[in-house]
Amino acid sequence: MPTFLIYTLGCKVNQYESQYVREGLERLGFQEARAGEKVDIGVVNTCTVTAESDLKSRKIIRHLARQHPEAKLVVMGCYASRAPQDLANLPGVVQLIRDKAELPEWLRQLGLADPPQGISSFGPRHRAFVKVQDGCQQRCRYCIVPLVRPMLRSRFPQEVLEEIQRLVWAGYREIVLTGIHLGHYGLDLPAPRPSLTDLVKEILELPGSFRVRLSSLEAMEIRPELLRLLSAQADRFCPHLHLPLQSGSNSILDRMGRPYRLEDFLKICDQIRFWLDSPALTTDILIGFPGETEEDFQATCRAVEQVGFSKIHIFPFSPRPGTPAAQMPDRPPVGVVRCRCEQMRHIAQRLRRQYMESLLGRTVQVLVEEVLDTTDKEDLSLPLSTPLKGEYSTIPCGHFTSGSLCKIRLNSHTTQNSSGSCSGKSYWPQNAAPNNVSVLRGTSERYVPVYFLGSPSWIGQLLVLQPQGVFEPEQDRFALWAGAIAENPCRV
Ligand code: SF4
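The following refers to the structure shown. Being a predicted model, the structure only gives us computed values, none of them experimental. Each chain has its residues counted from 1, running along the sequence as written. Given that this is a predicted model, residues contribute local features only at a pLDDT of at least 70 and side-chain atom pairs are listed and counted only at 80 or more, while totals for whole chains, interfaces and linings are drawn from all residues. Side-chain figures throughout are based on the complete set of non-hydrogen atoms in the structure, without hydrogens or water.

## Considering the pairing of strand β6 (residues 127-134)
What counts here: When accessible area is computed with a 1.4 Å probe and restricted to protein chains, residues below 20% of their type maximum are described as buried, those above 50% as exposed, and intermediate ones as partly exposed. In this text, helices come from DSSP runs of H or I with a minimum length of four residues, and strands from runs of E with a minimum of two, each type numbered from the N-terminal end. Strands were regarded as paired on the criterion that DSSP finds at least two bridges between them.
When you tally the buried positions in β6, you get 8 out of 8 residues, the bulk of the element. Note: β6 against strand β8 (residues 174-179), 6 bridges, orientation parallel. The partner of Phe 129 across the bridge, within β8, is Val 176. In the sheet, β6 pairs with strand β7 (residues 153-154) via 2 bridges, with the strands oriented antiparallel. Considered in β7, the bridge of Asp 134 is made with Arg 153.

## Here's the deal with the site of the ligand
For the record, the criterion: One heavy atom suffices: a residue is near a molecule or strand as soon as one of its heavy atoms comes within 4 Å of it. Following the grouping adopted for this structure description, the nonpolar residues are Ala, Val, Leu, Ile, Met, Phe, Trp, Tyr, Cys and Pro, the charged ones are Asp, Glu, Lys and Arg, and the polar ones are all others, Gly among them.
By nearness alone, every residue bordering the ligand is listed as Cys 136, Gln 138, Arg 139, Cys 140, Tyr 142, Cys 143, Val 145, Pro 146, His 181, Glu 218 and Arg 258. Considering only residue class, the shell around the ligand consists of 6 nonpolar, 2 polar and 3 charged.

## Focus: the sheet that holds strand β11 (residues 280-287)
Adjacent strands of a sheet form backbone hydrogen bonds with each other and so pair up, either parallel or antiparallel. Operational definition: Axis definition: a line fitted to C-alpha atoms, limited for helices to the stretch in contact. Angles are taken between N-to-C directions and run from 0 to 180 degrees.
Pairing is parallel across the open sheet formed by 3 strands, whose spatial order is β10-β11-β12. Both edges of this open sheet fall to β10 (240-242) and β12 (311-316), since each of them pairs with a single strand only. Sheet twist, expressed as the average angle between the axes of neighbouring strands with direction ignored, equals 15 degrees. With 6 bridges joining them, β11 and β12 adopt parallel strand pairing. Within β12, the residue paired with Thr 282 across the bridge is Lys 311.

Right, dumping it as structure tokens:
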């Protein structure tokens, strides 16, 4: 059986499109190559949002060509759209796909008479990304995206609904709606142009046990009707909104060409907090934009404090070829940018912990990602520096099944082993996704310790309790050790 291998860089939309390619190739009779297996077709789905992603894309293509000299390499994605000449002559590359809209035609050329209308699975986890929109025409002056994905393309609601229904019946419990400019969903569709709110409303009416999460949204596109809908369906929506602020200085926002002033952004955050119960607000902050002064940076620090973001993605400015910002003068020195990023990281850690503490005592809905067996600690994917000690009194394990949505109450809890004294630490894996838990089956079936490898519907990490109860904030290793009591059994 012919084999394929797919490497994906970049955003959720890219990951969705790679899944589409995977399913198309499988329909053609290809099989995904396992480690060490010969590869016939290698697909690299590139990203070009920063200089670093360009570098990584080229590195992966060369690595693939070295590892599988016989493989035909097909390169697609935003880097292929922006600079095909950089990639066309790399070893092993036989084809470039510059526009993802060409994917169905590419599969037809490979012999697939009926390319898929979407995806039907999304890997082993219980969450699936669903692309509903493509393209952006906003032209923020630092951003390369409108140059590589210029066309606004929204998928018709019926197609999206059928896809999500397939995924829910396949056992996916969380659907993450994604797009290049999600808030512009529907603008390009014929009248009566459904909005993002219309689409979310129809999705939430679909049968099945699942919840919806929205990926990045521009703050100015958060409509009151969307907030009312999400508030009314609080149990089926992850109250987490990612709103890129980029800077807290109005003069820098102007230079960036961002369509709002700080006051407008703060007003939207207040409206979100009015409608949603303790929502997690996360953001992107761009540090070192040309012309950024110390005062501009301090204004950004004050702004993120004022909002109280639960997570901040920090990006040092990376000039992108073809964007207006790449020609702008007065870039702060690299050392200054590095120092500001470090300062912002400390603020981000502190805000994250503050937000997590604000949830103690709450009852939240969590998605059980997997049930792990503690007997063989080696295969636990947690960055264990000290082995876990003993078991901790918490929850009857029967309540938890992988892929289940259930409610638990969050308490801070002193870890206690069977002899009753304080013991053990708990850890926070680096890139855990929010609101997922892993259940560690304790040595005795009755009790299981629960580690939040992320956070409940909102957030979750907290304190590492030393036996004396001392905090270790600097280490950024937090875990909420929940003496949780399952309030209601899983709905599977
Ligand atoms: S909204 Fe701005 S930052 Fe976002 S993709 Fe469009 S141009 Fe880029």
